[in-house]
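# Notes for the structure review
The chain contents come next:
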Amino acid sequence: MKRNFINQEELSDKFWNIDYSGTIQKIAFGKTGTKGRETIKEFADEKECIRESEKLISQKIKKGYTEIQENEEIPQKKELSENEKADIYFWEAIEKSNTYKKAHWSEYDIDEHLENLTAYLAKFGKERLILFEKTLQEKLSELYTAEIAELSFILEGDFRSEKGTYVFDGFLSDDGFIYFRCWLILKGKDFFEDITQDIQSFVSGKYSFNIGDCWGEGLLYVSDEAYSENHDNEDESEIRDAVHEQYPDNHYDGMNRQMKREPKGGTDLQKMYPKLVKEICELRK
């Protein structure tokens, strides 16, 4: 049996073909448009060959490969823009450096994550680091919303209970809110996309976080720390300075930022986000 697969997700443009019959398994793989490489493996019997081949097929599908027919033409991969590539590189760095991505919150160490991220980024050149920093600043700007501010109130702000109703003081520190947004970004792409759609996804059951420490300010400096690993870094801000010069419209911490509406506080948050407020405040009591 011969089956053909391709993977053109994000930066990938690869093929993977498998042909197995009797006890022989042949696999061809490589970059689309090239001959690639071939491996041949012989198994003890036909049942083992089928079982192991089907296991490989299942693994490839889970990794994003899709099947194409024998005579089907492989589609031309769409060229990604610089911004699309930067976004992929950014989330790849955040997630590959988090060795406890799927672990319980008690196993996660934010300092270790940031150290791993710095070491990961240090392998790349200045242009890649500038793209990382640029994308970080854009993500921070995306999170400058009333809804994310309200999430900050619920997770880390002062509150009290009055006859079963939670009342939040609604105080927002400029620096603290930046650090809070850094902490959210460190949770990865899936979480970022969920939380920007609905902050109650925080208690969807998909994620496990330590809400006792909601600041990730070290993320603001990893690009320059990574650059300093292999270069002289004047004022330890060469990468951030380069982003400021090349992308002057990136104002994640500028004075002219505006939200579409004012964040709510007081008793409004319990009405707006009943599930989120109930679960978080029960934990914070």
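Here the structure is shown first, and the text comes after it.
Below is a summary of the structure that appears in this document.

What counts and how
- Residues numbered from 1 in each chain as written.
- Predicted model: local features only at pLDDT ≥ 70, side-chain atom pairs only at ≥ 80, totals over all residues.
- Heavy atoms only, no water.
- Buried < 20%, exposed > 50% of the residue type's maximum accessible area, 1.4 Å probe, protein only.
- Helix = DSSP H or I, 4+ residues; strand = E, 2+ residues; numbered from the N terminus.
- Arc of directions from axis to C-beta.
- Pairing = 2+ DSSP bridges.
- Axes fitted to C-alpha atoms, helices over the stretch in contact; angles between N-to-C directions.
- Lys, Arg positive; Asp, Glu negative; His and termini not counted.
- Salt bridge = Lys/Arg side-chain N within 4 Å of Asp/Glu carboxyl O.
- Contact = heavy atoms within 4.5 Å.
- Parallel < 35°, antiparallel > 145°, perpendicular 65-115°, else oblique.
- Left-handed = near helix turned anticlockwise from the far one by under 90°.
- Nonpolar A, V, L, I, M, F, W, Y, C, P; charged D, E, K, R; others polar.
- Core = buried A, V, L, I, M, F, W, Y, C linked by side-chain atoms within 4.5 Å.

Along helix H7 (residues 189-197), the residues classified as buried are Phe191, Phe192 and Ile195. Down the axis of H7, the smallest arc covering the buried residues is 100°, so these residues share one side.

On the basis of which strands lie adjacent, the open sheet formed by 5 strands has the order E4-E3-E2-E1-E5 and antiparallel pairing. Here the strands that pair on one side only, and so sit at the sheet edges, are strand E4 (37-42) and strand E5 (66-68). Each strand axis lies, on average, 25° off the axis of its neighbour in the sheet, ignoring direction. One ladder, built from 6 bridges, connects strand E1 (residues 2-7) with strand E2 (residues 14-21); its direction is antiparallel.

A separate point is unusual backbone geometry. Notably, lysine 163 is not glycine yet its phi reads approximately 55°, a positive angle. Looking at where lysine 163 falls in the secondary structure, it is placed in the loop between strand E6 (159-162) and strand E7 (165-168). The backbone phi angle of glutamate 236 is positive, close to 55°, even though this residue is not glycine.

On to the side chain of lysine 187. Take lysine 187: it is sitting in the loop between helix H6 (174-185) and H7. One buried charged residue, lysine 187, remains without a salt bridge, the closest side chain of opposite sign being aspartate 213 at 8.5 Å. Setting aside chain neighbours within four positions, we find lysine 187 in contact with Tyr108 and Phe209.

Moving on to the packing of helix H4 (residues 126-142) against helix H9 (residues 238-246). Angle between the axes and distance between the axes: these two values describe a pair of packed helices. In the contact formed by H4 and H9, the axes pass within 9 Å of each other and the chain directions differ by 70°. With respect to H9, the element H4 is oriented roughly perpendicular. Considering the relative orientation of H4 and H9, their crossing is right-handed. Seen from H4, the contacting residues are Lys126, Leu129, Ile130, Glu133, Lys134 and Gln137; seen from H9, they are Glu238, Ile239, Arg240, Ala242, Val243 and Gln246. When grouped by side-chain class, the residues that make up the contact of H4 with H9 number 5 nonpolar, 2 polar and 5 charged.

Two side chains carrying opposite charge are able to pair once their charged atoms lie near each other. Summed over all chains, the structure comprises 17 salt bridges. One salt bridge connects lysine 55 with glutamate 52, and the closest N-O pair in it is separated by 3.6 Å. Here lysine 55 and its partner glutamate 52 are both found in helix H1 (residues 46-62), 3 residues apart, which amounts to about one turn of the helix. Of the residues examined, glutamate 52 reaches a relative accessible area of 22% and is grouped as partly exposed. For the salt bridge of glutamate 162 with arginine 160, the shortest nitrogen-to-oxygen distance reads 2.7 Å. Classification of glutamate 162 as partly exposed rests on a relative accessible area of 40%. Look at the salt bridges and you will find they share partners, linking Arg51, Glu52 and Lys55 into a network.

Take the nonpolar core next. Counting residues in each nonpolar core, the largest one holds 63 residues, and the members touching the most others are Ile185, Phe202 and Leu219. Once residues lying within four places of it in the same chain are set aside, the contact partners of leucine 219 are Ile94, Leu114, Leu117, Phe132, Leu136, Cys182, Ile185 and Leu186.

We now examine the pairing of E7. Two elements, E6 and E7, share 4 bridges in a ladder whose sense is antiparallel. Opposite glutamate 162, over in E7, you have threonine 165 as the bridge partner. Linking E6 back to E7 in an antiparallel pair, the connection comprises 2 residues, with lysine 163 at a positive phi of about 55°.

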